[in-house]
Amino acid sequence: MLRFIVRRILQAIPIFIGITAIVFALANLAPGSPADVVAAAGNLPEAAYEELKTALGLDKPLPVRYALWLGRLLHGDLGFSSNAHRQVWDLIGQRIGPSLLLAGTAILLALTVGVALGVMAAYRPYSRWDNISSALSFIGVSTPNFFLSLLLIYIFAVRLGLLPAQGMYYTGHKSLSGLLLHLLMPASVLGLQMVGNFVKQTRNSMLTALNEEYIKTARAKGLGEAAVVLRHALRNAWIPVVATLGMTVPTLVGGAVVTEQIFGWPGIGSLMVHSINTRDYNTIMGITVLVSLGVLAVNIVLDAVYSLLDPRIKV
Amino acid sequence: MADSSQPPLLEARNLRITFRRGRREFAVVEDMTFSLAAGQTLCLVGESGCGKSVTGNAVLGLLPQGSGRVAGGEILFAGRDLVALSAGEMRRIRAGKISIIFQDHAASLNPAHTIGRQLTESVRTREKVLGRGVSRREAYGESLALLERMGVTSPVWRMRQYPHELSGGMRQRILIGMALAKKPLLLIADEPTTALDVTVQAQILDLMSHLRRAMDTAILFITHDMGVVAEIADFVLVMYAGQMVEYDYAGGIFRNPLHPYTEGLLRSIPQPGRTGERLFAIEGAVPDLENLPPGCRFRERCPYGRPLCARMPPVTQLETKQVRCWRFAPGGEKIEA
Ligand SMILES: Nc1ncnc2c1ncn2[C@@H]1O[C@H](COP(=O)(O)OP(=O)(O)O)[C@@H](O)[C@H]1O
Ligand SMILES: [Mg+2]
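Residues numbered from 1 in each chain as written. Chains lettered and ligands numbered in written order. Predicted model: local features only at pLDDT ≥ 70, side-chain atom pairs only at ≥ 80, totals over all residues. Heavy atoms only, no water.

Trainee: Explain the overall build of chain B here, please?
Mentor: Along its length, chain B carries twelve helices and twelve strands. The C-alpha radius of gyration computed for chain B amounts to 21 Å, which stays within 12% of the reference 20 Å derived for 337 residues, consistent with globular compactness. Considering only contacts within chain B whose residues lie at least 6 apart along the sequence, 66% involve residues at least 24 apart. Within the structure as shown, chain B displays about 15100 Å² of accessible surface, and the carbon and sulfur contribution to it stands at 50%. Considering chain B, the positive charge centre built from 42 side chains and the negative charge centre built from 35 side chains are found 6 Å apart. (Helix = DSSP H or I, 4+ residues; strand = E, 2+ residues; numbered from the N terminus. Rg over C-alpha atoms; globule rule 2.2 N^0.38 Å. Contact = heavy atoms within 4.5 Å. Areas by Shrake-Rupley, 256 points an atom, 1.4 Å probe, with all protein chains shown as cover. Lys, Arg positive; Asp, Glu negative; His and termini not counted. Charge placed at Lys NZ, Arg CZ, Asp CG, Glu CD.)

Take a look at the structure:
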């Protein structure tokens, strides 16, 4: 097990370097630089502009700049935000909590609803539940994130006035109930995007599991249907569902950028959008490091969990 | 024709089982009547596809939901019709009265649960459904004792293992242990030795006959192997294409087989000392149950075929024996003439 994890971590290193190199190149090759942003804000003399570029290290060729950045990263230094005039670490540290909260709630929501619907759909194929769950999956997969967000805001915030449309807390006081109310819409939007995947996976693997001989053994023991379906079929069927969890993480990251922006959620996603707009290279790269490490780590952990769930897999 | 000295524990009367494919419903078992008393072993024998497993599964209501059903007749267990039971009543029968062992020992155990968990689950379900309670410790102890009785080596260690870590013979012992955990009055064994090699097969058969003597359990033993039948059967019911073709005491089947299909099955037993000879096999195959021709179902493969066989032969009672063949039907000759 330990050897497996070490091997997976070693494999992840080149992937990580590849991702950061590409993002570094894309960010730097896009027109405009942090110096331009500063210049655009006020009247900057030519000499000062050049000086600023040198100070920011923008005068050197791209590969050298990447190598220097990577060297600093190895010392745990993500650099200084050219926009917020603070350490990128601080900036991210402030935003990571809300993002994890939103993403975690969304996954939990999608997994609970998706697995429950998938189980019911497989237990009675082509029944009403099966139809409802396929309709829900279809809506989730095919409706753009922003559209769904705006629709929900219109209905629940504008029309019904039930839910807050912006931010994380009601202004003035931080309360748990306020947090949950603010969380509800963005988490649902993000979750709905993933729920279809979980429904489909669960339904497929439950259909397979329910046809297995050991299900007949379980019934022959005199167990009730709930025990047969949950303890025996689902115990085997949700192993492949866990495997697809890793695949949904990139969807989640992409979705979070849009959703956080629309709902004014103070997370990494909206920080990313802001950093791109202001050509804040160090912050962009800091977030890239964080997200890619996160995705790689999640996948390694899931593979390990997968082998724990299925006793036939030895790693 | 069953032993009249004992009231039957299990009795099937004119049992008819159908499957649905699309809109069509077709019978895979028809007009099956048999009975079995406590402590006796009845073998259902016939080639693959004759309806043996379907018959065994029907007893416990384990036909595939939505496609298979008992369409006629009754299955009486201690006088009660199992076909008419509610789901809750059937659970009580399954948990503490009738056990079943399936052929595929690799697929019949849950791959994600340890042996211990699956065994104790049987013990606990038995107690729960019968309205009693049993602690985890007690269930564990009882399961361990079962494994020991099944001749499983290092049982404490086995309890923590997963099915894929065990050999086929070991898995089959565990399945038998799980079945016996319920202290059943009736054990249905669906080809429990077919997937095992010969030595292990002999060990499992020994184990089963030993347990039967010790517990007085009735056994409905399903097999296609006449060699196995010879070792364990008190009664034999030969099935062909969903019907009974011959039914008798084991002795009557082996010493005086009447139906040409029974003859064929007996000639296909490998004889010790006659190795090297080509094994006899009945020519042809079991007809497609979805499109049965009228008349005797064995006609195509029968060496005695005659015009009369285009009509379905009646069941004839000859002393202890029942046989479905025109050659033994009273007046069969006359009708043909
Ligand atoms: N789930 C099923 N759906 C449709 N037909 C089935 C199913 N199970 C069994 N049958 C049919 O029932 C007949 C008897 O099958 P089975 O009882 O398994 O035979 P045996 O155990 O004697 O080999 C076969 O013709 C088979 O095609
Ligand atoms: Mg069978």
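That shown, we press on.
Trainee: For this particular structure, what's the right way to read the side chain of threonine 114 of chain B?
Mentor: Residues and elements named next belong to chain B. When you line up the elements, threonine 114 lands in the loop between helix H3 (105-108) and helix H4 (115-129). Within the structure, the side chain of threonine 114 is placed 3.2 Å from the backbone nitrogen of arginine 117, a separation counted as a polar contact. Once residues lying within four places of it in the same chain are set aside, the contact partners of threonine 114 are Met159, Arg160, Gln161 and Tyr162. (Polar contact = N/O pair within 3.5 Å; in protein donor to acceptor, adjacent residues only side chain to side chain.)

Trainee: What exactly am I supposed to notice about the sheet that holds strand E2 (residues 24-36) of chain B here?
Mentor: Strand pairing within a sheet occurs via backbone hydrogen bonds; the two strands may be parallel or antiparallel. Residues and elements named next belong to chain B. Strand order in this open sheet of four strands is E2-E1-E4-E5, and the pairing throughout is antiparallel. Of all the strands in the sheet, the pair left with one neighbour each is E2 and strand E5 (80-81). Pairing geometry for strand E4 (residues 68-77) and E5, over two bridges, is antiparallel. Within E5, the residue paired with leucine 76 across the bridge is aspartate 81. Sheet strands touched by helix H1 (residues 52-59): strand E1 (10-21), E2 and E4. Its angle to E1, the strand with the most contacts, is close to 110°. (Pairing = 2+ DSSP bridges. Axes fitted to C-alpha atoms, helices over the stretch in contact; angles between N-to-C directions.)

Trainee: I would appreciate a short explanation of the interface of chain A and chain B in the present structure.
Mentor: Interface extent is often summarised as the accessible area lost during association of the parts. Contact residues are listed per partner, giving 18 residues for chain A and 26 residues for chain B. Of the roughly 2100 Å² buried between chain A and chain B on both sides combined, carbon and sulfur atoms contribute 55%. Summed over the shared surface of chain A and chain B, the result is two salt bridges. A salt bridge links lysine 221 of chain A to glutamate 121 of chain B; the shortest N-O distance between them is 2.7 Å. Joining chain A to chain B, the criterion identifies 13 residue pairs in polar contact (both at pLDDT 80 or more). Of all the secondary structure elements, the ones that give two or more residues to the side of chain A that touches chain B are helix H9 (213-220) and helix H10 (225-263) of chain A. Sorting elements by how many residues they give to the side of chain A that touches chain B places H9 of chain A first, with six residues. The class makeup of the residues in the side of chain A that touches chain B is four nonpolar, five polar and nine charged. (Buried area = accessible area lost by both parts, 1.4 Å probe. Salt bridge = Lys/Arg side-chain N within 4 Å of Asp/Glu carboxyl O. Nonpolar A, V, L, I, M, F, W, Y, C, P; charged D, E, K, R; others polar.)

Trainee: I keep staring at the layout of surface pockets and nothing clicks. Help me out?
Mentor: Left-over empty space is what a probe sized like a water molecule reveals as it rolls over the atoms. Looking at the largest pocket, its volume works out to about 960 Å³. Taken together, 36 residues form the lining of the largest pocket, with Arg219 of chain A together with Leu62, Leu63, Pro64 and Gln65 of chain B sitting closest to its centre. Counting residues per element, the ones that place at least two in the lining of the largest pocket are helix H5 (88-123), helix H8 (176-210) and H9 of chain A together with H1, E4 and helix H2 (87-96) of chain B. When grouped by side-chain class, the residues that make up the lining of the largest pocket number 19 nonpolar, eight polar and nine charged. Considered as a void within the structure, the second largest pocket measures approximately 610 Å³ in volume. Along the wall of the second largest pocket there are 25 residues; nearest its centre are Leu100, Ala103, Val249, Val253 and Val291 of chain A. Here the element with the most residues in the lining of the second largest pocket is helix H12 (residues 281-309) of chain A; it accounts for eight residues. For the lining of the second largest pocket, the class distribution of residues is 19 nonpolar, five polar and one charged. (1 Å grid on protein atoms, 1.4 Å probe; cavity = no way out; pocket = protein on both sides within 12 Å on 5 of 7 lines; lining within 4 Å. Points joined across faces, edges and corners; volume = space filled by probe spheres on them.)

Trainee: Looking at this model, I keep getting lost on the sheet that holds strand E12 (residues 321-324) of chain B. Mind explaining?
Mentor: All names here are of chain B. Pairing within the open sheet is mixed, and its eight strands lie in the order E6-E7-E8-E3-E9-E10-E12-E11. Across the chains shown, the open sheet's two edge strands, defined by having one partner strand only, are strand E6 (98-101) and strand E11 (315-318). The sheet shows a mean angle of 20° between the axes of neighbouring strands, direction not considered. Contacts from helix H7 (residues 168-180) reach E6 and strand E7 (186-190) within the one sheet, and its direction differs from that of E6 by about 170°.

Trainee: What am I meant to see in the environment of arginine 3 of chain A here?
Mentor: You can see arginine 3 of chain A is positioned in helix H1 (residues 2-29). Along the backbone, arginine 3 of chain A and alanine 256 of chain A are 253 residues apart, and their C-alpha atoms lie at a distance of 34 Å.

Trainee: Please explain the confidence of the model for chain A as it appears in this structure.
Mentor: Close reading of the predicted structure is inappropriate where its pLDDT is low. When pLDDT is averaged across chain A, the result is 87; 99% of the residues are at 70 or more. Between the elements of chain A, mean pLDDT differs from a low of 75, seen in helix H2 (residues 34-41) of chain A, to a high of 96, seen in H9 of chain A. (pLDDT = per-residue confidence, 0-100.)

Trainee: Before we go on, may I ask you to explain the packing of aromatic side chains in this structure?
Mentor: Centre distance and the angle of the planes are the two values used to describe a pair of aromatic rings. Within the structure shown, the criterion is met by seven aromatic pairs over all chains. Within the aromatic cluster, the residues linked to one another by ring pairs are Phe24, Tyr66 and Trp69 of chain A. Looking at arginine 327 of chain B, its charged tip hangs above the ring of tyrosine 304 of chain B, at a distance of 3.6 Å from the centre. (Phe/Tyr/Trp six-rings, centres within 6.5 Å; stacked < 30°, edge-to-face > 60°. Lys NZ or Arg CZ within 6 Å of the ring centre and 35° of its normal.)

Trainee: Any chance you could explain unusual backbone geometry here in plain terms?
Mentor: Excluding glycine, a negative phi dihedral is what most residues carry, and trans is how most peptide bonds are arranged. All names here are of chain B. The phi angle at serine 154 is positive, at roughly 35°, despite the residue not being glycine. Relative to the helices and strands, serine 154 is located in the loop between helix H5 (136-149) and helix H6 (155-159). Judged by its relative accessible area of 41%, serine 154 is partly exposed. Positive phi, close to 45°, is recorded for lysine 183, a residue that is not glycine. (Buried < 20%, exposed > 50% of the residue type's maximum accessible area, 1.4 Å probe, protein only.)

Trainee: Please explain the site of ligand 1 as it appears in this structure.
Mentor: Residue and element names in this part refer to chain B. Close to ligand 1 lie 13 residues; Gly49, Gly51, Lys52, Ser53 and Val54 are nearest. In this structure, serine 53 approaches ligand 1 through a side-chain N or O atom, which is 2.7 Å from an oxygen atom. In the model, an oxygen atom of ligand 1 is placed 2.8 Å from a nitrogen or oxygen of the valine 54 main chain. For ligand 1, whose free accessible area comes to 550 Å², the fraction covered by protein is 68%. Elements with a contribution of two residues or more to the shell around ligand 1: E1 and H1. Considering each element in turn, the shell around ligand 1 owes the most residues, three residues, to H1. In terms of residue class, the shell around ligand 1 is built from six nonpolar, four polar and three charged. (Near = heavy atom within 4 Å.)

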